[in-house]
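Single-letter residue listing:
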Amino acid sequence: MTKKKQTKKWIVLPVLLTGALVLSACSNSNQNNMQGHDMSKMGSMNSEGNDQAKQMSASADPVSEVLTGNTFNLTAKENMLMLDDKTMKTAWTYNGTVPGPQLRVKQGETIKVVLNNELPEPVTIHWHGLPVPNNMDGIPGITQNAVKPKESFTYEFKVDVPGTYWYHSHQDGVNQVDKGLYGSLVVEPKDAEPVDKDYTLVLDEWMQDDSMAEMHGGGAGSDKNGGTADNANMDMSTMDHGSTTNNSSMDMSNMNHGSTTNSSTMDMSNMNHGSSNNSSSMDMSNMSDAEMMPLMYTIFSANGKTGSAIQPLKVKEGEKVRIRLINAGYLSHKIHLPGHDFKIVSTDGQPINNPPQIKDQLLNIAPGERYDLEFVANNPGKWLLDEHSSNPGAKSLAIPIIYDGSENATVKADSGDMPLVDITKYGEAAKGNFSLDDKYDIEYTMDLNTKMSNGDMSFTINGKTFPDIAPLNVKEGDLVKVKMVNNSSEDIHPMHLHGHFFQVLSKDGKPVSGSPLVKDTLNILPGEEYVVAFKADNPGNWMFHCHDLGHASKGMMTEVKYDGFKPNFTIDPSVNNMPE
């Protein structure tokens, strides 16, 4: 899966201000471009006039916008991003930034989003987790034709369910999401409890060596940066690099461009091209996908920045702070908030009943999942919201939390082993919409597995790959119970259902003992078994797939199909619809 790691935005919404403050590292529609930047003369740029050179830097990237109201325009286009001051990637973006703009809307409103495509390939927008009418779900060949280059499509729907969501392309998603086609969406409840600071963090991972991109399900010839695998003879003299103007004097001599082969016409002797001897010579032929991915994706990012380039979360003592975590990547992230008691107030946008304060526990967030945390800023200093895992990229994901007046303080370290939060045991038990004892109209089992055949890896549901998997056929009003069992020996499967929420009823045969757990994406580890239930109350043809999009593109994808439903579009064979 060519997983393209993108620049995510730091989004800060001081609630008492009419204008939203956004701390971000991604470029937006206002970003200046670098058209005409002649990279063939890069050697002379570095050797002469250094006192006038303008070093590209992560801090110079434009900030992702927060858009409010009910009418929006999103333009899919290519742009450059700086993960840090030395690592530049080519991104596919909405409105020039990765993540794209945060759409912040009110519960109960009808919103309209016009998608304009300025990319060379068809695209869509899928509203991940948000229940929308089927024809607005953005699935190529299932709910619409993908939007061709130079064309547009209007999405219009009512937002009834508050929470934290995100949007992304579902056309060739294994490549396009990896290239940065995503953003966040917040539906504010009518009865929202106020907070003083509201931050959104979109987590992702990037390859140091982009030549490895096709190992995880990406299409032939495409890399995670949206180019071809062979960049050796690329003429970059007329490329739009999407940064500051007057770029002829820009010093790019120390950048990591993530490209692969020779650049004989450029002086790049000091550049890290992202194809180190360690990674390029690594034998991964006998590795599982779970083993291979952390070795491929070694740069972790928050809002499109990595390491010291990650923008801090600024707080004042006594403030109530909400952090919305969204995982747009391929790897799970074990996140620790040090020095503070905190609550997990929602998962996948849905509230946790009476969440207790916890401290020094790790929150695991899987691909496609969202978690909202709240804490009171009552421990002044400088802290790091960081990842605790053995993955090579873990140390690059550390988000500073800085109290007003503590800008020059030393970071307060934390260490030691900490337990993972078990979300099935978190919160206060209460009556949910479903139970294990209910009578169900449909019961369905999904055997999730990994299969090797002739050296090719595929990911199966009930022994088959999409589109040969029998769909889950339902009638409107049916109560549906689904058992999902991960029989892969090592691979993790975060399963995502479109158009519906499901309630998690049991884990490994034991009933959920905490808050009623309502989700749209459920992370299933090897050997685990979950039972979930939902009501078929949103007619259409809906995808049910693994949100490791490499797994989905290699087969782990099926449909929930309503009896008698007819899509309102005709498939256009010239589009080459690719639902993953």
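Being a predicted model, the structure only gives us computed values, none of them experimental. (Residues numbered from 1 in each chain as written. Predicted model: local features only at pLDDT ≥ 70, side-chain atom pairs only at ≥ 80, totals over all residues. Heavy atoms only, no water.)

*Asks:* I'm lost on the overall build of the protein chain in this one. Help?
*Replies:* If you tally the helices and strands in the protein chain, you get five helices and 33 strands. Taking all 580 residues of the protein chain together, 58% fall into the buried category. At a minimum sequence separation of 6, the contacts of the protein chain that also span at least 24 residues come to 80%. Surface exposure of the protein chain reaches about 22,300 Å², of which carbon and sulfur atoms provide 46%. (Helix = DSSP H or I, 4+ residues; strand = E, 2+ residues; numbered from the N terminus. Buried < 20%, exposed > 50% of the residue type's maximum accessible area, 1.4 Å probe, protein only. Contact = heavy atoms within 4.5 Å. Areas by Shrake-Rupley, 256 points an atom, 1.4 Å probe, with all protein chains shown as cover.)

*Asks:* Can you walk me through the sheet that holds strand β8 (residues 152-158) in this structure?
*Replies:* Hydrogen bonding along the main chain pairs the strands of a sheet, whether they run parallel or antiparallel. Pairing is mixed in the open sheet, where four strands are placed in the order β4-β3-β6-β8. Lying at the two open borders of the sheet, with one neighbouring strand each, are β4 (87-94) and β8. Here the average twist between neighbouring strands, direction ignored, is 25°. Here eight bridges tie strand β3 (residues 71-84) to β4, and the two strands are oriented antiparallel to one another. Across the sheet, Ala76 pairs through a bridge with Tyr94, a residue of β4. (Pairing = 2+ DSSP bridges. Axes fitted to C-alpha atoms, helices over the stretch in contact; angles between N-to-C directions.)

*Asks:* I would appreciate a short explanation of the environment of Phe565 in the present structure.
*Replies:* Residue position: Phe565 is located in the segment after β33 (557-562). Judged by relative accessible area, which is 26%, Phe565 ranks as partly exposed. Placed 90 residues apart in sequence, Phe565 and Lys475 show a C-alpha to C-alpha distance of 9.4 Å. Filtering out sequence-adjacent residues up to four positions away, Phe565 remains in contact with Asn134, Pro539, Gly540 and Asn541.

*Asks:* When you look at the sheet that holds strand β5 (residues 100-106) in this model, what are you seeing that I'm missing?
*Replies:* The mixed open sheet is built from five strands, whose spatial order is β2-β5-β10-β9-β7. Two strands lie at the open edges of the sheet, namely β2 (66-68) and β7 (126-128), each paired on one side alone. Ignoring which end each strand starts from, the neighbouring axes of this sheet average 25° apart. Bridge count for β5 against strand β10 (residues 182-188) is five bridges, and the pairing is parallel. Within the sheet, the bridge partner assigned to Val105 lies in β10 and is Val187.

*Asks:* Would you mind going over the side chain of Asn303 with me for this structure?
*Replies:* In this fold, Asn303 is placed in the loop between β12 (297-302) and β13 (313-315). With relative accessibility at 0%, the residue Asn303 sits in the buried group. Within the local environment of Asn303, its side chain forms a polar contact with the backbone oxygen of Thr200, the two atoms lying 3.1 Å apart. A distance of 2.8 Å separates the side chain of Asn303 from the backbone nitrogen of Val202, its partner in a polar contact. (Polar contact = N/O pair within 3.5 Å; in protein donor to acceptor, adjacent residues only side chain to side chain.)

*Asks:* Would you mind going over the pairing of strand β32 (residues 541-546) with me for this structure?
*Replies:* A regular strand places its side chains so that they alternate between the two faces of the sheet. In terms of burial, β32 is a largely internal element, six of the six residues being buried. Pairing of strand β26 (residues 493-497) with β32, which is carried by three bridges, proceeds in the antiparallel orientation. Directly across from Met495, in β32, lies its bridge partner Cys546. Pairing geometry for β32 and β33, over five bridges, is antiparallel. Each residue of the ladder has a partner; that of Phe544, found in β33, is Thr558.

*Asks:* What am I meant to see in the packing of aromatic side chains here?
*Replies:* For any pair of aromatic rings, geometry is given as the distance between the ring centres together with the angle between the planes. Scanning the entire structure with this criterion turns up seven aromatic pairs. Centre to centre, the rings of Trp127 and Tyr167 are 5.7 Å apart; their planes meet at 45°, and the pair counts as tilted. Here the residue Trp127 occupies a position in strand β7, and Tyr167 occupies one in strand β9 (residues 163-168), the gap between them amounting to 40 residues. Each member of the pair, Trp127 as well as Tyr167, carries the same accessibility label: buried. An aromatic cluster is defined as three or more aromatic residues linked by ring pairs; in this entry it consists of Tyr94, Trp127, Phe153, Tyr155, Phe157 and Tyr167. Between the NZ or CZ atom of Lys179 and the centre of the ring of Trp92, over which it lies, the distance is 4.0 Å. (Phe/Tyr/Trp six-rings, centres within 6.5 Å; stacked < 30°, edge-to-face > 60°. Lys NZ or Arg CZ within 6 Å of the ring centre and 35° of its normal.)

*Asks:* Help me understand unusual backbone geometry in this model?
*Replies:* Backbone geometry follows two general trends: most residues other than glycine have a negative phi, and most peptide bonds adopt the trans configuration. Note the cis peptide between Val98 and Pro99, where omega equals -5°. Turning to its location among the elements, Pro99 is positioned in the loop between β4 and β5. Between Phe466 and the following residue, Pro467, the backbone shows a cis peptide bond with an omega angle of 10°. Note on placement: Pro467 falls in the loop between β23 (456-461) and β24 (472-474).

*Asks:* Which parts of the structure should I look at to understand the pattern of salt bridges?
*Replies:* In a structure, side chains of opposite charge can pair up when their charged atoms sit close to one another. Under the criterion given, the structure shown has 19 salt bridges. Put simply, Arg370 and Asp520 hold a salt bridge, and the shortest N to O gap is 2.8 Å. Placement of the pair is Arg370 in strand β19 (residues 370-376) and Asp520 in the loop between β29 (517-519) and β30 (521-524), with a sequence separation of 150 residues. Assessed through its relative accessible area of 0%, Arg370 is described here as buried. Look at the salt bridges and you will find they share partners, linking Arg104, Lys106, Glu188, Glu193, Asp198, Lys320, Arg322, Arg324, Asp372 and Glu374 into a network. (Salt bridge = Lys/Arg side-chain N within 4 Å of Asp/Glu carboxyl O.)

*Asks:* Which parts of the structure should I look at to understand the confidence of the model for the protein chain?
*Replies:* Atom-level detail of predicted coordinates should not be read off regions where pLDDT is low. Per-residue confidence for the protein chain gives a mean pLDDT of 83, with 78% of residues at or over 70. Residue range residues 1-54 is modelled with pLDDT below 50. Its contacts to residues more than four positions away, or to other chains, number 262 contacts. Within the model, pLDDT remains below 50 along residues 257-280, and this stretch shows 65 contacts once partners closer than five positions in the same chain are excluded. (pLDDT = per-residue confidence, 0-100.)

*Asks:* Honestly, helix α4 (residues 289-296) in this entry has me stumped. Any pointers?
*Replies:* Residues three or four positions apart in an α-helix share a direction because the helix packs 3.6 residues into each turn. When we look at burial in α4, the residues that qualify are Asp289, Met292, Met293, Pro294 and Met296. Close packing links the buried residues of α4 with β11 (197-207), β12, β23 and α5 (549-553).

*Asks:* Is there a simple way to think about the side chain of Lys382 in this case?
*Replies:* Tracing the sequence through the fold places Lys382 in strand β20 (residues 382-387). We note that Lys382 is buried and unpaired, the nearest opposite charge coming from Glu407 at a distance of 7.9 Å. Of the polar contacts made by the side chain of Lys382, one reaches the backbone oxygen of Ala409; its length is 3.3 Å. In this view, Lys382 contacts Ile401, Ile402, Ser406, Glu407, Ala409, Thr410, Val411 and Lys412; residues no more than four positions away in its chain are not counted. (Lys, Arg positive; Asp, Glu negative; His and termini not counted.)

*Asks:* Any chance you could explain the nonpolar core here in plain terms?
*Replies:* If you look at the biggest cluster of nonpolar residues, it comprises 85 residues, and the most contacted ones within it are Ile344, Met446, Val482, Met484, Met495 and Val560. In this structure, Met446 is in contact with Ile461, Asn462, Val482, Lys483, Met484, Val485, Met495, Phe544 and Thr558, ignoring residues within four places of it in sequence. (Core = buried A, V, L, I, M, F, W, Y, C linked by side-chain atoms within 4.5 Å.)

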